[in-house]
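The residues making up each chain are set out below.
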Amino acid sequence: MELRHLRYFVTVAQERNFTRAAEKLCIAQPPLSRQIHDLEAELGMSLLDRDSRPVRLTEAGRLLYEQAVLVLERIDDLRTMMRRFREAERPRYVIGFVASTIYAALPHLIRRFRAETPGVDVSLVEMASLEQIAALKDGRIDVGFGRIRLDDPAVRRDVLREEQLVVALPLSHPLLQREGSLSFAELAGEALILYPRVPRPSYADQVISIFRDRGLEPNIAHEARELQTAIGLVAAEVGICIVPTSVQRLRRDDVVYRELIEQNITSPIIMSRRASDRSHEATVMASVVVEAYREWGWKIPEGLDS
């Protein structure tokens, strides 16, 4: 039994059709069929019910499929591991980010950082603000872009920008029958979708605090794992969601965004770094933010260009 036998078998099992599987594998159908027959002959049992349309797995086929998928995933992991080992001498810079920042200025900043550091292997990891602090201290990431103010003497935090919040509503929501901004008093009775569900504290707690600071108790209908799920639930009319204004770039025909009457309601975008980090990459990242903000006419965070 060779790896190619497993790959061929898994592809046929997933496509449930020899013709489509052959096209996906970029081989002719007869050689593919022979390889599957050879595998069945070696194992001494039938793996596929070829008389059914579409092709179905036998009991033995289901068992082999489950194990073959795990083996192939492990092989892919091994390839990735060896590639990283080969590239270990190349400097790496890992950026942690919360999902909502990817709709703001972060992609532009990352492109500029890559251009300024062509010899650095830049990678991105999505993680909550709370997780970023531990990841920075453990050395798993080098910079984090989040939204929660968390104090830790080992971490330097720079508030890059205060972003206005808006409310996302399903297209058929009754509050959309009139024009104009909406107030938190109007939203308090609506089914509210929060994100992320874990870990806490998080942006979800910021939203809860906004309601409670006004003597209102939010009607929490669902806590989603991530932003994209929350917006999907809004589209499905499960409830409404309070999101940063940049999330409007996640365009959907079945979701409408409305401004809030309370104009001073914001969520910060915070860049976090190890307080002891004096690396060239850390300096470049700070200068990239300063230069971009200066070009855009935005207020440069105090102390960032020092």
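Here the structure is a predicted model, which is why all the values come from computation and not from measurement.

A.B. asks: Summarise the nonpolar core; cite the residues concerned and give the values.
C.D. replies: Ranked by size, the top nonpolar core spans 39 residues in total, and within it L187, I242 and V243 carry the most contacts. Those elements giving two or more residues to this core turn out to be strand 6 (155-170), helix 7 (184-187), strand 7 (191-194), helix 8 (203-212), helix 9 (227-235), strand 9 (241-244) and strand 10 (255-259). The residues contacting V243, other than those within four sequence positions of it, are Q164, L165, V166, Y195, Y203, L227, I231 and Y257. Membership of the second largest hydrophobic core comes to 22 residues, among which are I95, V120, F145 and M285.

A.B. asks: So what about the packing of helix 2 (residues 18-25) against helix 3 (residues 29-43)? Which residues, and what values?
C.D. replies: Direction vectors running N to C along helix 2 and helix 3 enclose 105°, while the axes themselves pass 9 Å from each other. On the basis of their axis angle, the class for helix 2 and helix 3 is roughly perpendicular. Seen from helix 2, the contacting residues are F18, T19, A21, A22 and L25; seen from helix 3, they are Q29, L32, S33 and I36.

A.B. asks: I'd like a rundown of the packing of aromatic side chains, residues and numbers included.
C.D. replies: Counting across every chain of the model gives 6 aromatic pairs. Ring centres of Y293 and W296 lie 6.0 Å apart, and the angle between their planes is 35°; on these two criteria the pair is classed as tilted. Pair noted here: Y293 and W296 are both in helix 10 (residues 280-296), with a separation of 3 residues, about one helical turn. Classification of W296 by relative accessible area gives partly exposed; the value is 30%. Ring centres 5.0 Å apart and planes at 75° place the aromatic pair Y293 and W298 in the edge-to-face group. Pairwise contacts between aromatic rings join Y293, W296 and W298 into one cluster. Note that R161 overlies the ring of W298, its terminal NZ or CZ placed 3.7 Å from the centroid.

A.B. asks: Please provide a residue-by-residue account of unusual backbone geometry, values included.
C.D. replies: If a residue is not glycine, its phi is most likely negative; likewise, a peptide bond is most likely trans. For the peptide bond that leads from V198 to P199, omega is -10°, which places it in the cis range. Looking at the element boundaries, P199 is found in the loop between strand 7 and helix 8. In this structure, P201 follows R200 across a cis peptide bond, with omega equal to 5°. Looking at the secondary structure, you find P201 in the loop between strand 7 and helix 8. Of note in the backbone geometry, R16 takes a positive phi value of approximately 60° without being a glycine. By the element assignment, R16 lies in the loop between helix 1 (3-15) and helix 2. The phi dihedral of C26 is positive, around 60°, even though this residue is not glycine. Position of C26 relative to the elements: it lies in the loop between helix 2 and helix 3. Judged by its relative accessible area of 70%, C26 is exposed.

A.B. asks: Lay out helix 9 with the relevant residues and their values.
C.D. replies: For helix 9, the complete set of buried residues consists of L227, A230, I231, L233, V234 and A235. The secondary structure elements touched by the buried residues of helix 9 are strand 6, strand 7, strand 8 (219-223), strand 9 and strand 10. Just downstream of helix 9 lies E237, where phi reads positive at about 65°.

A.B. asks: Account for a nonpolar patch on the surface, with residues named and values stated.
C.D. replies: Together, L78, M81, M82 and F85 make up an exposed nonpolar region whose accessible area comes to about 430 Å². Assignment of secondary structure puts M82 in helix 4 (residues 59-86).

A.B. asks: Go over helix 8 with me, naming the residues and quoting the values.
C.D. replies: Counting buried residues in helix 8 gives 7 out of 10 residues, a clear majority hidden from the surface. Residues of helix 8 that are buried include every one of Y203, A204, Q206, V207, I208, I210 and F211, and no others. Next to the buried residues of helix 8 lie strand 6, helix 7, strand 7, strand 8, strand 9 and strand 11 (266-274).

A.B. asks: Kindly report on the side chain of R112, identifying the contributing residues and their values.
C.D. replies: Position of R112 relative to the elements: it lies in helix 5 (residues 106-116). According to the relative accessible area criterion, R112 is buried, its value standing at 18%. A polar atom in the side chain of R112 sits 3.0 Å from the side chain of E295. Apart from the residues within four sequence positions on either side, R112 is in contact with V288, E291, A292 and E295.

A.B. asks: Quick rundown of the pairing of strand 7? Include the residues and the values.
C.D. replies: Sheet topology places strand 7 next to strand 8; 4 bridges connect them, and they run parallel. Opposite I193, over in strand 8, you have H222 as the bridge partner. Following the backbone out of strand 7, through helix 8 and into the adjacent parallel strand 8, one traces a crossover that is right-handed.

A.B. asks: Tell me about the environment of Q228, and name the residues and values.
C.D. replies: Along the polypeptide, Q228 turns up in helix 9. Along the backbone, Q228 and Y195 are 33 residues apart, and their C-alpha atoms lie at a distance of 9.3 Å.

Parameters at a glance
- Residues numbered from 1 in each chain as written.
- Predicted model: local features only at pLDDT ≥ 70, side-chain atom pairs only at ≥ 80, totals over all residues.
- Heavy atoms only, no water.
- Core = buried A, V, L, I, M, F, W, Y, C linked by side-chain atoms within 4.5 Å.
- Buried < 20%, exposed > 50% of the residue type's maximum accessible area, 1.4 Å probe, protein only.
- Helix = DSSP H or I, 4+ residues; strand = E, 2+ residues; numbered from the N terminus.
- Contact = heavy atoms within 4.5 Å.
- Axes fitted to C-alpha atoms, helices over the stretch in contact; angles between N-to-C directions.
- Parallel < 35°, antiparallel > 145°, perpendicular 65-115°, else oblique.
- Phe/Tyr/Trp six-rings, centres within 6.5 Å; stacked < 30°, edge-to-face > 60°.
- Lys NZ or Arg CZ within 6 Å of the ring centre and 35° of its normal.
- Patch = residues over 30% accessible without salt bridge, like charges linked within 9 Å, V, L, I, M, F, W, Y side chains within 5 Å.
- Areas by Shrake-Rupley, 256 points an atom, 1.4 Å probe, with all protein chains shown as cover.
- Salt bridge = Lys/Arg side-chain N within 4 Å of Asp/Glu carboxyl O.
- Polar contact = N/O pair within 3.5 Å; in protein donor to acceptor, adjacent residues only side chain to side chain.
- Pairing = 2+ DSSP bridges.
- Right-handed = clockwise from strand over helix to strand, strands pointing away.

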